[in-house]
Amino acid sequence: MLVYIGIDDTDSPKGMCTTYVAARALRAAEGEGARAADHPWLVRLNPNCPYKTRGNAAVCLPLEVERSGFDRVWEAVLGVVRELAELENGADPGVAAFPEENRGHLERFYFRAVREMVEVEEALELAERYALAFWRHGEGRGIVGAVAAAGASVGTLTTYELLAYRRREMWGRERWVDPESVVRMDALFGDRTFDNFDYENGEVRLTPHTPCPVLLGIRGTSPEVLPEALSVLRLGEPYEFYQVFRTNQATDVHYQRLSVKDLRPLVSAIVTGRVVGRPRIGPGGHVFFELDDGTGSVTVAVYEPTGRIREIAFRLVEGDLVEVYGAVKAKPQGLTLNLEKLRVIELRQVYAARAPACPVCGKTMESAGRGQGYRCGRCGHRDPRAQKVLVAVDRGIRPGLYEVAVSARRHLVRPLRLEAALRASAGT
Ligand SMILES: [Zn+2]
């Protein structure tokens, strides 16, 4: 039978990683006769969740298991979770196994866990009704991610990530990957891998900066090329093993299209509206502007680490039509949307009053004095009735979709580069 085992919240700020626990659990399950029915799923949940340890990721193991062998597989998985989870450092793991036929009952919960805030009680209720078995420790918040990951909608799992893990003696030490080899890999594989290198800041993006067992991760649009991409890299240490995950990263699945009046804290929204007033730049280089969609207005915040997208935001003027993507936060002054992507739909034509051109020689004329029209400095032509003319100003920005710097982009946000690649492969 097909069984989906969700695992979540095994890590703490001091270490561990749920992907590593799950990869080890998969090997333990295989030792008891289970067979992987798919790559394990690395499922990112609401990035605005205040309880998350780091990336708010849960894992699901899709397994083909003999009905009579399920108990042994379940015990093997639990054994690994109990052994590796950071129980002393505040991890509250949850594990839940669902049969294929019950997954449909979990899908709505999955989408809600990605897009808004969900309660432990809801997850428990689903586990009690539909799970073959479930287990939780401590406060058991991990059951939320375990149920959501097991219920993930396969249609949203369209990208992959290869994670290579360190040998135990290296945990907590500095990581090194030769930057030149990363740039070479990036060039070799085109859009089949992504987010490898931050060309804006000259930084390798593959390595985390936490004491966890992950050496590096390579993200891609197909699973086959990832081990090949790994082999191109020059590493400062041998890895223990690697695992390819199927994920909902870089899919934009967390966004909901909402009116300003329906915005709530901790959701990720797409809002279309017009700019009100002038964007302003605050201390630290953060840019803010107001957006109105006819149901209300919201402050859009474009923080300094988001990079060059701030220049686009700062050039907006009142009346411009834009679509903003981002996380909604409650601030003392009201709701704020932290910008993740910006689509400039329509730029208002802005005019400036300028001196007229000389009708004889074409040079811009000069004022002949208050109320006395203009004269030409080159050919001497005078026109006492000439007036200022309105000239369309080059706005310096164009309609289009803009994104934040790679280093500021969240796991679930689809990179523009990938957008173009997927459009091309879809032939549209
Ligand atoms: Zn002239």
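Predicted, not measured: the structure shown is a model, and the values here were computed from it. (Residues numbered from 1 in each chain as written. Predicted model: local features only at pLDDT ≥ 70, side-chain atom pairs only at ≥ 80, totals over all residues. Heavy atoms only, no water.)

### Description of the nonpolar core
- Residues I5, I7, L61, L63, W74, V95 and Y165 are the most contacted members of the largest nonpolar core, which totals 37 residues.
- The set of elements that each furnish at least two residues to this core consists of β1 (2–8), α1 (18–31), β4 (57–64), α2 (70–84), β5 (94–99), β6 (133–136), β7 (159–166) and β12 (239–247).
- It is α2 that provides the largest number of residues to this core, a total of eight residues.
- A domain split of this core shows at least three residues from each of domain 1 (2–156) and domain 2 (159–247).
- L61 has contacts with V3, Y4, I5, I7, A22, A25, L26 and P40, leaving out every residue within four places of it along the chain.
- Ranked by size, the runner-up nonpolar core spans 33 residues in total, among them A58, A123, A131 and A152. (Core = buried A, V, L, I, M, F, W, Y, C linked by side-chain atoms within 4.5 Å. Buried < 20%, exposed > 50% of the residue type's maximum accessible area, 1.4 Å probe, protein only. Helix = DSSP H or I, 4+ residues; strand = E, 2+ residues; numbered from the N terminus. Domains from an automatic or database assignment. Contact = heavy atoms within 4.5 Å.)

### Remarks on the packing of α1 against α2
- One way to put it is that α1 packs onto α2 with a least axis distance of 8 Å and a crossing angle of 145 degrees. Handedness of the crossing formed by α1 with α2: right-handed. Contacts between α1 and α2 involve Y20, V21, R24, A25, A28 and A29 from the former and V73, A76, V77, V80, V81, E83 and L84 from the latter.
- Taken together, the residues of the contact of α1 with α2 break down into eleven nonpolar, no polar and two charged. (Axes fitted to C-alpha atoms, helices over the stretch in contact; angles between N-to-C directions. Left-handed = near helix turned anticlockwise from the far one by under 90°. Nonpolar A, V, L, I, M, F, W, Y, C, P; charged D, E, K, R; others polar.)

### Here we look at helix α7 (residues 225–232)
- Considered for burial, the residues of α7 that qualify are V225, L226, A229, L230 and V232. The buried residues of α7 all sit within an arc of 155 degrees when viewed along its axis, so they share a single face.
- On its buried face, α7 is in contact with β7, α6 (179–189), β8 (193–194), β11 (214–220) and β12. (Arc of directions from axis to C-beta.)

### Topic: the pairing of β12
- Taken together, the two bridges between strand β3 (residues 41–44) and β12 define a ladder with parallel strand orientation. In the sheet register, L42 faces β12, and the bridge partner there is T247.
- As paired elements, β7 and β12 share eight bridges and run antiparallel to each other. Paired with Y160 across the two strands is R246, which belongs to β12. (Pairing = 2+ DSSP bridges.)

### Topic: the sheet that holds strand β20 (residues 366–367)
- Taken in spatial order, the three strands of this open sheet run β20-β21-β22, and their pairing is antiparallel. Each edge of the open sheet carries a strand with a single partner, namely β20 and β22 (382–383).

### Let's talk about helix α5 (residues 142–150)
- For α5, a buried count of nine out of nine residues is recorded, marking the element as mostly surrounded by other parts of the structure.
- Taken residue by residue, α5 has G142, I143, V144, G145, A146, V147, A148, A149 and A150 as its buried positions.

### Concerning the packing of aromatic side chains
- Taken as a whole, this structure holds eleven aromatic pairs when the rule is applied.
- Ring geometry for Y165 versus F241: centroids 5.2 Å apart, planes at 40 degrees, classification tilted. Taken together, the residues span a long stretch of sequence, with Y165 in strand β7 and F241 in strand β12 at a distance of 76 residues. With respect to class, Y165 is no different from F241; both count as buried.
- Taken together, Y20, Y165, W171 and F241 form an aromatic cluster joined through their ring pairs.
- In this structure, R103 is placed above the aromatic ring of Y4, and the distance from its NZ or CZ to the ring centre is 4.6 Å.
- Taking the ring centre of Y325 as reference, the NZ or CZ of K341 above it sits at 5.4 Å. (Phe/Tyr/Trp six-rings, centres within 6.5 Å; stacked < 30°, edge-to-face > 60°. Lys NZ or Arg CZ within 6 Å of the ring centre and 35° of its normal.)

### Notes on the pattern of salt bridges
- Scanning all chains against the criterion turns up 22 salt bridges.
- The closest approach of N and O atoms between D38 and R246, which form a salt bridge, is 2.8 Å. Residue D38 is located in the loop between β2 (35–36) and β3, and its partner R246 is located in strand β12; the two are separated by 208 residues in the primary sequence.
- Salt bridges sharing partners connect three or more residues here, namely R112, E116 and E122. (Salt bridge = Lys/Arg side-chain N within 4 Å of Asp/Glu carboxyl O.)

### Looking at the coordination of the zinc ion
- At 2.3 to 2.4 Å from the zinc ion lie its protein donor atoms, namely C358 (SG), C361 (SG), C376 (SG) and C379 (SG).
- Coordination at the zinc ion comes from four donor atoms whose angles at the metal span 99 to 120 degrees, giving a geometry best classed as tetrahedral.
- Considered as a linear motif, the donors of the zinc ion on their single chain read C-x2-C-x14-C-x2-C.
- Its relative accessible area of 38% is what places C379 among the partly exposed residues. (Donors = N, O, S within 2.8 Å, 3.2 Å for Na, K, Ca; no water. Tetrahedral: all angles 85-135°; square planar, octahedral: opposite > 155°, others 65-115°.)

### Describing the domain arrangement of the protein
- Once the domains are mapped, the protein shows domain 1 (2–156), domain 2 (159–247) and domain 3 (255–349).
- The gap between the C-alpha centroids of domain 2 and domain 3 is 33 Å.

### Looking at the environment of P62
- Considering the arrangement of structural elements, one finds P62 in strand β4.
- Spatially, the C-alpha atoms of P62 and E161 are 16 Å apart, while their sequence positions differ by 99 residues.
- Beyond its immediate sequence surroundings of up to four residues, P62 is in contact with V3, Y4, R35, A36, A37, D38, H39, P40 and W41.

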